[in-house]
Amino acid sequence: MGSISEVSALIRSREGKNSYTQSYLRDRVFDGYSDCSSLVWKCYERGMGLFVGTWTGEQIDRGTLVFKNTDTQKKSLAESDLALMQEGDLVFWGPSRGDSRHVEYYMGNGELSGHGAGLGPVRKRAVDYRHRYQLLEVRRYAKKGSTTKPGAGGSDPADRRRLFIGRCVADDVNVRAWAGTQYDTIKSWPKLNAGDLVDVIDYTQKDIEGMDWYYVQIADKYYGFVRSDLILKV
C-alpha cells in the first residue's frame, strides 16, 4: 500500500540529484532527470499509484482546492497558509491560473521541495521561498494517512496520455516551452513540418493574446506547446 509519506520519501530521495530538463528525459525522475511538474507526477505515481497530471496546467485542474490566492502581489506562502496545508499538497505559481508555471511539493513541517534550473529538487523553508510569479493555489490529491494500492485507481493510463493524434499542417513550426510565441522554443527538438505527427495530450491553453495552443508529445519523447490551428486531428 502506498501513502503520502512514501511520496515524500521519494521526493526526498531525489533532492540534489536530478538535472533539470524539459526534454524527453523529464519523466526519468528516478534516473536523474526531471522538471518541477514531472517530479511530483512520477513520485505520486510510484508512491501512491495516483496520477496527478504530467505538467502544471494539468495538475492545477486535479485534486481539491485547499485555498486560492486573490492577491496578485503575493508571491510567497504565509504562516497562516501553512496552517491550512498538509504534507503532500502542491503549491502553484504563475501569471494566472490558466498559465501556471511552477509547482512545489509541501513536505510538511513548514518545508517545500521543488525543482528549478540546475540540480534539484531543493528543500527550502516555505515562507522564505518567493517565486517570480504570483502565488496561485494550493491543491490536495490525497488525505494524510490515506493509502492507495500502487497501480490502481488514478494511475496514468495509456489512453489518458494521448487524447488524439494530430498532424502538423505547416512548415517551420516552433514547439514552445509554454503557450505563447513570447516563450522559448524547445531547444532539444527541431521545428515541426507539414505532415509530422504529434500526440495531443491536453486540449487548448490560451496565451496572453487569446490564441489556443495544444500541449503535445512528439515521438514519445518531447513535450511542448504548438498552436492549435497548426495541428489537424488525424
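Details of the structure are given in the entry above.
First, a word on what this report is: a plain description of the structure on this page. Since the structure is predicted, the reported quantities are computational estimates derived from the model, not experimental observations.

**Focus: the sheet that holds strand S3 (residues 33-34)**
Part 1: Read across the open sheet, the 3 strands follow the order S3-S2-S8; overall the sheet is mixed. Each of the sheet's edge strands pairs with one partner strand only, and the pair in question is S3 and strand S8 (119-120).
Part 2: Inspection of the sheet shows strand S2 (residues 18-20) paired to S8 by 2 bridges, in the antiparallel sense. Bridging from a neighbouring strand, Ser 19 pairs with Leu 119 of S8.

**Considerations on helix H1 (residues 4-14)**
Part 1: For H1, the complete set of buried residues consists of Ile 4, Val 7, Ser 8, Leu 10, Ile 11 and Arg 14. Along the long axis of H1, the arc covered by the buried residues comes to 160°, so they all point the same way.
Part 2: Where H1 is buried, its residues contact strand S1 (2-3), S2, helix H2 (36-48), strand S6 (102-108), strand S7 (111-114) and S8.
Part 3: After H1 finishes, the residue Gly 16 shows a positive phi value of roughly 75°.

**A closer look at the sheet that holds strand S12 (residues 164-168)**
Across a sheet, strands are paired by hydrogen bonds formed along the backbone, either parallel or antiparallel in direction.
Part 1: One open sheet accounts for 5 strands, arranged S15-S14-S13-S12-S16; its pairing is antiparallel. Two strands close off the open sheet at either side, each with one partner strand: strand S15 (222-227) and strand S16 (231-233). When the angles between neighbouring strand axes are averaged without regard to direction, this sheet yields 45°.
Part 2: Relative to strand S13 (residues 197-206), S12 runs antiparallel, the two sharing 4 bridges.

**Digging into unusual backbone geometry**
Part 1: At the junction of Gly 120 and Pro 121, the peptide bond is cis and its omega measures out at -5° in the coordinates.
Part 2: At Asn 109, a residue that is not glycine, the phi angle is positive and equals roughly 55°.
Part 3: On the basis of relative accessibility, which here comes to 79%, the residue Asn 109 falls in the exposed class.
Part 4: A positive phi angle, close to 55°, is found at Asp 172, a residue other than glycine.
Part 5: Within the element layout of this structure, Asp 172 appears in the loop between S12 and S13.

**Quick word on the environment of Leu 84**
Part 1: Position of Leu 84 among the secondary structure elements: in the loop between helix H4 (79-82) and strand S5 (90-94).
Part 2: The sequence separation of Leu 84 and Leu 10 amounts to 74 residues, and the corresponding C-alpha distance is 23 Å.
Part 3: In this structure, Leu 84 is in contact with Val 66, Phe 67 and Arg 140, ignoring residues within four places of it in sequence.

**Points about the packing of aromatic side chains**
Part 1: Across all of its chains, the model carries 10 aromatic pairs by this definition.
Part 2: With centroids separated by 6.4 Å and ring planes inclined at 25°, the aromatic side chains of Trp 178 and Phe 225 adopt a geometry described as stacked. One end of the pair, Trp 178, is in the loop between S12 and S13; the other, Phe 225, is in strand S15, and 47 residues separate them in sequence.
Part 3: An aromatic cluster is built from Trp 41, Trp 55, Trp 178, Tyr 215, Tyr 223 and Phe 225, whose rings are joined through pairwise contacts.
Part 4: It is Arg 26 that lies over the ring of Tyr 223; its NZ or CZ is 4.9 Å from the centre.
Part 5: Taking NZ or CZ as reference, Arg 46 lies 3.7 Å from the ring centre of Phe 30, over its face.

**Description of the state of the cysteines**
As used here, a disulfide is simply a covalent bond connecting the sulfur atoms of two cysteines.
Part 1: Taken as a whole, this structure holds 0 disulfides when the rule is applied.
Part 2: Free of any disulfide, Cys 36 has its nearest cysteine sulfur in Cys 43, 13 Å distant.
Part 3: Given a relative accessible area of 7%, Cys 36 falls into the buried group.
Part 4: The class of Cys 43 is buried, set by a relative accessible area of 0%.

The rules behind each value
- Residues numbered from 1 in each chain as written.
- Predicted model: local features only at pLDDT ≥ 70, side-chain atom pairs only at ≥ 80, totals over all residues.
- Heavy atoms only, no water.
- Pairing = 2+ DSSP bridges.
- Helix = DSSP H or I, 4+ residues; strand = E, 2+ residues; numbered from the N terminus.
- Buried < 20%, exposed > 50% of the residue type's maximum accessible area, 1.4 Å probe, protein only.
- Arc of directions from axis to C-beta.
- Contact = heavy atoms within 4.5 Å.
- Axes fitted to C-alpha atoms, helices over the stretch in contact; angles between N-to-C directions.
- Phe/Tyr/Trp six-rings, centres within 6.5 Å; stacked < 30°, edge-to-face > 60°.
- Lys NZ or Arg CZ within 6 Å of the ring centre and 35° of its normal.
- Disulfide = S-S within 2.5 Å.

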